[in-house]
Amino acid sequence: MIIMKFGGTSVGSADRIRNTCNIIKSNLKRKPIIVVSAVAKITDGLIRLAKECSTDHAAETLKLIGETHDKIIGELRLDRRLLEQDFRDLRQLADETLKNRNNDEKTMDHFQSFGEQMSSKIVAAQLSKIGVKAKSFDSWELGFLTDSEFGNAEPLDVAYASLKGKIKKLSVVPVVTGFIGKTEEGEITTLGRGGSDFSAAVIGAAIDAEEIQIWTDVDGMMSTDPKIVPRARTLYAVSFAEASELAYFGAKVLHPKTILPAMKKNIPVRVLNSFNPKGKGTTIVNKAVKSKETVKAIACKNNTTLISVDSSRMLGSHGFMARIFYIFDKFRKSIDVISTSEVSVSLTLDDDEDIDDIVKELREFSSVEISKNKSIVCVVGEGMRHMTGLAGRTFTAMGKNNINIEMISQGASEINITFIVDSKDAAKAVQVLHREYFGD
Ligand code: ADP
Ligand code: ASP
Ligand code: MG
């Protein structure tokens, strides 16, 4: 069995869905389990809708979401009634939200869940039309249970056995909603933006899949984001550790949580291009992959806030770090990059919520500086473990191009060098490093 996950652009129009279904049909021998994202841009629309419920724009957004799906259904000549119930339910949710003026995280997740619920029905219907016995499933119908961390839910341990039991019994090709799950109490959750990759990996791990395929709109994992460097190269193979660092530090092609379930079960992950299905893509595997290049790729993550905490008063006394981490833990914040000295700590967060309260508590024992609009740049490669001089080369390239570096960190695994720059310099930093390490 294999998992085939198709992202938003791969189901973004009637043509793309036709193409995706043909790719699935040509892989039936491998017993595929299909996981789909919402139609491209629909999740953004649903979030807008949830936030706009009390304004005139809501009707417009609702109409747009309806029209996008209707157009696809019309062009594919599928039954016009396919999504009638979903549209009715979505309209009702919008009305209720307006009435109750309540768009908390739980409601936001409920809104967002419609995208995958609708796309999975369309893909299953198109597959049936071309002669593939297929059926759409909301992930929870197959046992995808999560905790109740709305907006960032994690699958429960019991989900794995449940998914396995239910999927093994199926005699159709299941088209499963990515990105969403349900709590044991029956409330809909989402796994965080881009989370369908994670869904695919969880389902893959649950059924001990032979391979987890992530079908997207580029040829694989590349030496950097091709939107920043159009000549970026496709990487033939990368290790779980490299892929994990790249995904974590901004390579959007893979959701950062995708790697762990695959790694635990040692299931290869392949990133493939639905626009170029004959391409080899990138294979992500357990072991370090030999390559000529020491540096494999460069990632970049925007919208980062840098927090510098300084407490000279605590010089020589213990407990400084513990106090800091206690506060971040209390506000359930995950720190991306950190760099420390005896009395100061610099760290970054990718979300600003609660930042004022956090700073207030930190100021009780230290001085704090906040800088917004920062970006993380990360240079990754297994070969860096044994190589000297790479930090020098990286930072000299930055210096020569007048790019100011605000903080530096290197993980214990020594397969990355990570640093923070002003967001206005981020694209340039990536371009300069790509030229430095790949020659273009
Ligand atoms: P999908 O909708 O299929 O999930 P995403 O938009 O989430 O696709 O991810 C694919 C995009 O990731 C690409 O179009 C590309 O711009 C971006 N990307 C960022 N870094 C990389 C990288 N290192 N390799 C490939 N793509 C990358
Ligand atoms: N549809 C969701 C999003 O746009 C999940 C995904 O595409 O992976 O974030
Ligand atoms: Mg994605």
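Everything below is about the structure printed above this text.
Presented here is a report on the structure given in the accompanying data block. (Residues numbered from 1 in each chain as written. Chains lettered and ligands numbered in written order. Predicted model: local features only at pLDDT ≥ 70, side-chain atom pairs only at ≥ 80, totals over all residues. Heavy atoms only, no water.)

## Description of the site of ligand 2
In step 1: Neighbouring residues of ligand 2: Ser37, Ala38, Thr43, Glu116, Phe179, Arg193, Gly194, Gly195 and Ser196.
In step 2: In isolation ligand 2 exposes 270 Å². Once the protein is present, 86% of that is buried.
In step 3: In terms of residue class, the shell around ligand 2 is made up of 2 nonpolar, 5 polar and 2 charged. (Near = heavy atom within 4 Å. Areas by Shrake-Rupley, 256 points an atom, 1.4 Å probe, with all protein chains shown as cover. Nonpolar A, V, L, I, M, F, W, Y, C, P; charged D, E, K, R; others polar.)

## Side note on the pairing of strand β7 (residues 211–216)
In step 1: Counting buried residues along β7, 6 of its 6 residues qualify, which places the element largely inside the surrounding structure.
In step 2: Of the two faces of β7, both are covered, the one formed by Glu211, Gln213 and Trp215 as well as the one formed by Ile212, Ile214 and Thr216.
In step 3: As defined by bridge partners, strand β1 (residues 2–6) adjoins β7 across 5 bridges and the pair is classed as parallel. Within the sheet, the bridge partner assigned to Met4 lies in β7 and is Gln213. (Buried < 20%, exposed > 50% of the residue type's maximum accessible area, 1.4 Å probe, protein only. Helix = DSSP H or I, 4+ residues; strand = E, 2+ residues; numbered from the N terminus. Pairing = 2+ DSSP bridges.)

## Looking at the pattern of salt bridges
In step 1: Applying the stated rule across the entire model yields 28 salt bridges.
In step 2: Close ionic contact of Glu211 with Arg30 constitutes a salt bridge, the shortest N to O distance being 3.7 Å. Taken together, the positions of Glu211 in strand β7 and Arg30 in the loop between α1 (14–25) and β2 (32–36) put the pair 181 residues apart, joining distant regions of the chain.
In step 3: Judged by relative accessible area, Glu211 falls into the buried class, the value being 10%.
In step 4: Judged by relative accessible area, which is 26%, Arg30 ranks as partly exposed.
In step 5: In this structure, the salt-bridge partner of Asp425 is Lys424, at a minimum N-O distance of 3.5 Å.
In step 6: A residue is classified by how much of its surface remains accessible, and Asp425, at 14% relative accessible area, is buried.
In step 7: Bridged by salt links that share partners, the residues Arg30, Glu210, Glu211 and Arg270 form one connected network. (Salt bridge = Lys/Arg side-chain N within 4 Å of Asp/Glu carboxyl O.)

## What about unusual backbone geometry?
In step 1: The phi dihedral of Asp208 falls on the positive side, at around 50°, and the residue is not glycine.
In step 2: Topologically, Asp208 is positioned in the loop between α7 (196–206) and β7.
In step 3: A residue is classified by how much of its surface remains accessible, and Asp208, at 40% relative accessible area, is partly exposed.
In step 4: The residue Asn266 is not glycine, and still its phi comes out positive at about 50°.
In step 5: With respect to the helices and strands, Asn266 occurs in the loop between α9 (259–264) and β9 (269–273).

## Topic: the packing of aromatic side chains
In step 1: Scanning all chains against the criterion turns up 4 aromatic pairs.
In step 2: Ring centres 6.3 Å apart and planes at 85° place the aromatic pair Phe320 and Phe365 in the edge-to-face group. Of this pair, Phe320 sits in helix α10 (residues 320–330) while Phe365 sits in the loop between α11 (355–362) and β14 (367–380); the two residues are 45 residues apart in sequence, bridging distant segments of the chain. Across the pair, exposure class does not vary: Phe320 and Phe365 are buried alike.
In step 3: Taking the centre distance of 5.3 Å and the plane angle of 75° together, the rings of Phe395 and Phe419 count as edge-to-face. Pair noted here: Phe395 is in helix α12 (residues 390–400) and Phe419 is in strand β16 (residues 416–422), with a separation of 24 residues, a long-range link. (Phe/Tyr/Trp six-rings, centres within 6.5 Å; stacked < 30°, edge-to-face > 60°.)

## Focus: the site of ligand 1
In step 1: Neighbouring ligand 1 are 18 residues, the closest being Thr216, Met222, Asp225, Lys227 and Lys252.
In step 2: Thr216 has a polar side-chain atom sitting 2.7 Å from an oxygen atom of ligand 1.
In step 3: Within the side chain of Lys227, an N or O atom sits 2.9 Å from an oxygen atom of ligand 1.
In step 4: Within the complex, the protein chains bury 90% of what would otherwise be the 570 Å² of accessible surface of ligand 1. (Polar contact = N/O pair within 3.5 Å; in protein donor to acceptor, adjacent residues only side chain to side chain.)

## Observations regarding the sheet that holds strand β12 (residues 338–340)
In step 1: Ordered by their spatial adjacency, 6 strands build an open sheet running β12-β13-β11-β14-β16-β15, and the pairing between neighbours is antiparallel. Edge positions in the open sheet fall to β12 and β15 (407–409), since each of these has one partner strand only. Averaged over neighbouring strand pairs, the angle between their axes works out to 25° when direction is ignored.
In step 2: Both strand β11 (residues 297–310) and strand β13 (residues 344–349) contribute to a ladder of 6 bridges, which runs antiparallel. Following the sheet pairing, Asp310 is matched in β13 by Ser344.
In step 3: The sheet contacts of α11 involve β11, β13 and β14, and relative to β14 the element is tilted by about 115°.
In step 4: Against the sheet, helix α13 (residues 423–438) touches β11, β14 and β16, its axis set at about 130° to β11. (Axes fitted to C-alpha atoms, helices over the stretch in contact; angles between N-to-C directions. Contact = heavy atoms within 4.5 Å.)

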